[in-house]
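# Residue-level structural notes
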Amino acid sequence: MKKRQFIIVGVGLAILIGSFALNGYLSSLKEVPEVKRPEEIKKFVKTEQVKYGTIPTEVLAFGRVKTAESLDLIAEVSGRMSSGTVALKDGQRFSKGTLLYKIDNTEARLNLQSQKSNFLRDLAAVLPDIKIDFSDSYDKWNKYFSSIDLDKSLPELPEYDSNKEKTFLATKNIFSSYYTIKSAEVNLRKYNFHAPFSGVISNVDLQSGSFVNPGNKIGTILRSDQLELKVDVGVADIDWVEMGSEAQVVTETGTTWSGKVARIGEFVNQNTQSIDVFIALKQNGGSKLYDGEYLQSTIPGKVVNNSMLMPRNAIFDDNKVFVLQDSLLKVKEIDIHKVNPETVVFSGLVEGSELVVEPLINAHNNMKAFKLKEKIDVDIENKESDVKLVKS
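Notes on the structure in this doc start here.

About the thresholds
- Residues numbered from 1 in each chain as written.
- Predicted model: local features only at pLDDT ≥ 70, side-chain atom pairs only at ≥ 80, totals over all residues.
- Heavy atoms only, no water.
- Helix = DSSP H or I, 4+ residues; strand = E, 2+ residues; numbered from the N terminus.
- Buried < 20%, exposed > 50% of the residue type's maximum accessible area, 1.4 Å probe, protein only.
- Pairing = 2+ DSSP bridges.
- Salt bridge = Lys/Arg side-chain N within 4 Å of Asp/Glu carboxyl O.

### As for unusual backbone geometry
Located in the positive-phi region is Asp-326, a residue other than glycine, with phi close to 55 degrees. Relative to the assigned elements, Asp-326 resides in the loop between strand E17 (320-325) and strand E18 (328-333). Accessibility expressed as a relative area gives 70% for Asp-326, which makes it exposed. Backbone geometry at Ser-327 places phi at a positive 60 degrees, although glycine is not the residue there.

As structure tokens, this is what we get:
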């Protein structure tokens, strides 16, 4: 029995040892795979040689067109109001001097004529005394009396020749009556309102036929021949804007208008947190601008000497850039003078340096890179990538 067990164990061990031996022999027949070193991937970067010069700057701003002059029509006298030579309606255009509205002046006009009649009576009463006491002045006063027309403005009083003559006229209420009439003439002109400029009626508060009292608002008119653009300029850019600078304004249709910086605000607008800049617009032939239209403007700024432009997205960590030096990327700091929407004006690098002008992902200091000279470099890199894909 024991002999049989020894035979079974011996056969098992022989099989196990044989299997290990056979496995080793078969493994020796298999070729050892060649270990390949990872191929180096070349990184090409776009660079530009640093060269300083004179860089003109500009400020891009947006705002709305508004008339340079807006006027509220306020009644100064009372009476029944009616339209003038144009309809008193919203959007109605008019020329300078046009009668916009009138208020019934019948009562005021008759009162004025009554005062003139009394003045003529008083003047006629003193003419005989003037002929006796001031014979040298009689002709001019008599001529003045004859020139008065009740339907026309009262002529200017003649000059008196002495204090005695002045005292005499004052005691006869000639001066008082004269200036009362002149005041009434000024008041009579308030019943008709003539446009002080060419423009358009913005809105009407009281219709024709309404009875108005002094202080009632009749409407608002806007001047159409003088427009200005109010734009919002950030605090960081306001120092670049100069008074009198020529600006370019572009409408939504692509029409270009020219203008000039007329005023610069001295405080921050609380609504926009920027400073208001007003651009006086110049007429542009047949094109037209409208009050309230939203436009884009480009204002030329100050000139920066010994500087250069570069893409804004090539800067990282506020003021750091990559410079390609001996096929290695080097991190450098620059001095930024002005930030534009897509570019920056800078200095601080050595002239002749190869500045990287594109954003780099996962790049670091002393990383190996190659200058992208021509399109052929990109083609070579693409072909190498294709070859790697085929092999894999």
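### Quick look at the pairing of strand E7 (residues 99-103)
Where burial is concerned, most of E7 is hidden: four out of the five residues are buried. Bridging between strand E5 (residues 79-83) and E7 involves three bridges; their strand directions are antiparallel. Looking at the pairing, Ser-82 lines up with Lys-102 of E7. Relative to strand E8 (residues 192-194), E7 is paired through three bridges, and the arrangement is antiparallel. Bridge assignment links Tyr-101 to a residue of E8, and that residue is Phe-193.

### A closer look at the pattern of salt bridges
By the definition in use, this model includes 12 salt bridges. The partner of Lys-116 in a salt bridge is Glu-185, and the shortest N-O contact between them spans 3.6 Å. With Lys-116 in helix H2 (residues 106-133) and Glu-185 in helix H5 (residues 174-189), this residue pair connects regions lying 69 residues apart in the sequence. A single burial state applies to Lys-116 and to Glu-185, both of which are buried. Among the salt bridges present, the one from Lys-282 reaches Glu-246, with a minimum N-O distance of 3.5 Å. Taken as a pair, Lys-282 in the loop between strand E15 (274-281) and strand E16 (294-311) and Glu-246 in strand E13 (residues 246-250) lie far apart in primary sequence, 36 residues in all. Taking the relative accessible area as the measure of exposure, Lys-282 reaches 37% and is therefore partly exposed.

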